[in-house]
Amino acid sequence: MPLLQKHASPLWGIWKIDEHWEQLLALSECPSLYRPFLDRCRSASRKAEWLAARMLLRELTGRETAIAYRGNGAPYLVDAGYHISISHTRGYAAVILDRTHIAGIDIEHRSERVQRVKSRFLSEAECAALHGASTEALLVCWSAKEAAFKMTGRRAADFREDLQILSAGPIESCGTVTVGETRADEPAVYELTYAVTPAYAVAYGLSPAEKNPAQSCGYK
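Reading guide: rules and limits
Residues numbered from 1 in each chain as written. Predicted model: local features only at pLDDT ≥ 70, side-chain atom pairs only at ≥ 80, totals over all residues. Heavy atoms only, no water. Core = buried A, V, L, I, M, F, W, Y, C linked by side-chain atoms within 4.5 Å. Buried < 20%, exposed > 50% of the residue type's maximum accessible area, 1.4 Å probe, protein only. Helix = DSSP H or I, 4+ residues; strand = E, 2+ residues; numbered from the N terminus. Contact = heavy atoms within 4.5 Å. pLDDT = per-residue confidence, 0-100. Pairing = 2+ DSSP bridges. Axes fitted to C-alpha atoms, helices over the stretch in contact; angles between N-to-C directions. Expected span 1.5 Å × (residues − 1).

S.K.: Can you break down the nonpolar core residue by residue, with the values?
M.R.: Counting 30 residues, the largest nonpolar core has Phe-121, Val-177, Val-179 and Leu-192 as the members making the most contacts within it. Listed by contribution, the elements that provide at least two residues to this core are helix 4 (113–117), helix 6 (135–152), strand 8 (163–167), strand 9 (174–181), strand 10 (189–196) and strand 11 (200–210). With 11 residues, helix 6 is the largest single contributor of residues to this core. The residues touching Phe-121, leaving out its near neighbours within four places in the chain, are Val-114, Glu-126, Leu-138, Cys-141, Trp-142, Lys-145, Phe-159 and Arg-160.

S.K.: So what about the confidence of the model for the protein chain? Which residues, and what values?
M.R.: For the protein chain, the average pLDDT comes to 90, and 94% of its residues sit at 70 or higher. When the elements of the protein chain are averaged for pLDDT, strand 1 (residues 3–8) gives the smallest value, 88, and strand 6 (residues 92–98) the largest, 97. Contacts for the low-pLDDT stretch residues 215–220, under 50 throughout, to residues beyond four places or in other chains number 31 contacts.

S.K.: Can you tell me about the sheet that holds strand 5 (residues 83–89), naming the residues and giving the values?
M.R.: With antiparallel pairing, four strands are arranged side by side in an open sheet as 1-2-6-5. In this open sheet, the two edge strands, each paired with only one partner strand, are strand 1 and strand 5. If you compare each strand with its neighbour and ignore which way they point, the axes differ by 10 degrees on average. Where strand 5 lies against strand 6, seven bridges are found, and the strand directions are antiparallel. Bridging across to strand 6, Thr-89 finds its partner in Tyr-92. Each of strand 1, strand 2 (11–16), strand 5 and strand 6 touches helix 3 (residues 44–61); the most contacted strand, strand 6, lies at about 40 degrees to it.

S.K.: Any chance you could break down helix 3 for me, citing the residues and the numbers?
M.R.: End to end, helix 3 covers 26 Å across 18 residues, agreeing with the expected 26 Å (1.5 Å per residue, within 8%). Across the 18 residues of helix 3, 13 count as buried, placing the element largely inside the fold. In the segment just after helix 3, Gly-62 is the residue with positive phi, at about 90 degrees.

S.K.: How would you sum up helix 6? Please name residues and give values.
M.R.: Helix length check: helix 6 (18 residues) gives 26 Å between terminal C-alpha atoms against 26 Å at 1.5 Å per residue, within 8%. Here helix 6 lies mainly inside the structure; 17 of its 18 residues are buried. Note on helix 6: the residue one or two positions beyond its end, Gly-153, has a positive phi of about 75 degrees.

S.K.: Lay out the pairing of strand 10 with the relevant residues and their values.
M.R.: Taking every second residue as pointing to the same face, the buried face of strand 10 carries Tyr-190, Leu-192, Tyr-194 and Val-196, while none of Val-189, Glu-191, Thr-193 and Ala-195 on the other face is buried. Taken together, the seven bridges between strand 9 and strand 10 define a ladder with antiparallel strand orientation. Its bridge partner lying in strand 10, Gly-180 is registered against Val-189. Sheet topology note: the strand 10/strand 11 ladder contains four bridges and is antiparallel. Residue Ala-195 lies in a different strand from strand 11, and its bridge partner there is Val-202. Counting the residues in the hairpin turn of strand 10 and strand 11 gives three residues.

So this is what it looks like as structure tokens:
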């Protein structure tokens, strides 16, 4: 069972997806809970990502809990008092939970492709400031903006203009990044913790304000 990481404060973890989706389903104590999605989904890799997130959720909470989705695409737990955010990338799934704050997490596979697409998520000013930046630094900025976006509860955003990297510092194996939301009537600032490995970059955080879990917006 490749649970790669598990952390208690905040409650989050990473699952390394080495299994076929049928092997992941065999780990479940409630396979019927997942059959409707699996019967609809044709992609074996998507099934594995989907199930890995749910097995990771069980590892974090100690039980299997159904995940439903709101109209804006945000996941929520049907019968548990947590805010939840989910992310997956090639070979990994990540989940973060919190009882009082909206949570956001994003994990990105390490690839040089981020150098080619940076203008899609960085403003012109950010691109200029990060000219010559390493692949790891760009992945951290991408993950941080994705995680912050999930905490905004919005269905869509222009990452270049609506979310700005306010501070990052030299990118190391771990650290923090601050992201500001400029689109909202009352702009928010999100502090994200990040970690970088040779395989991926992950960023996660909790919203500044407490929220009722029933109103969670941890967009997938």
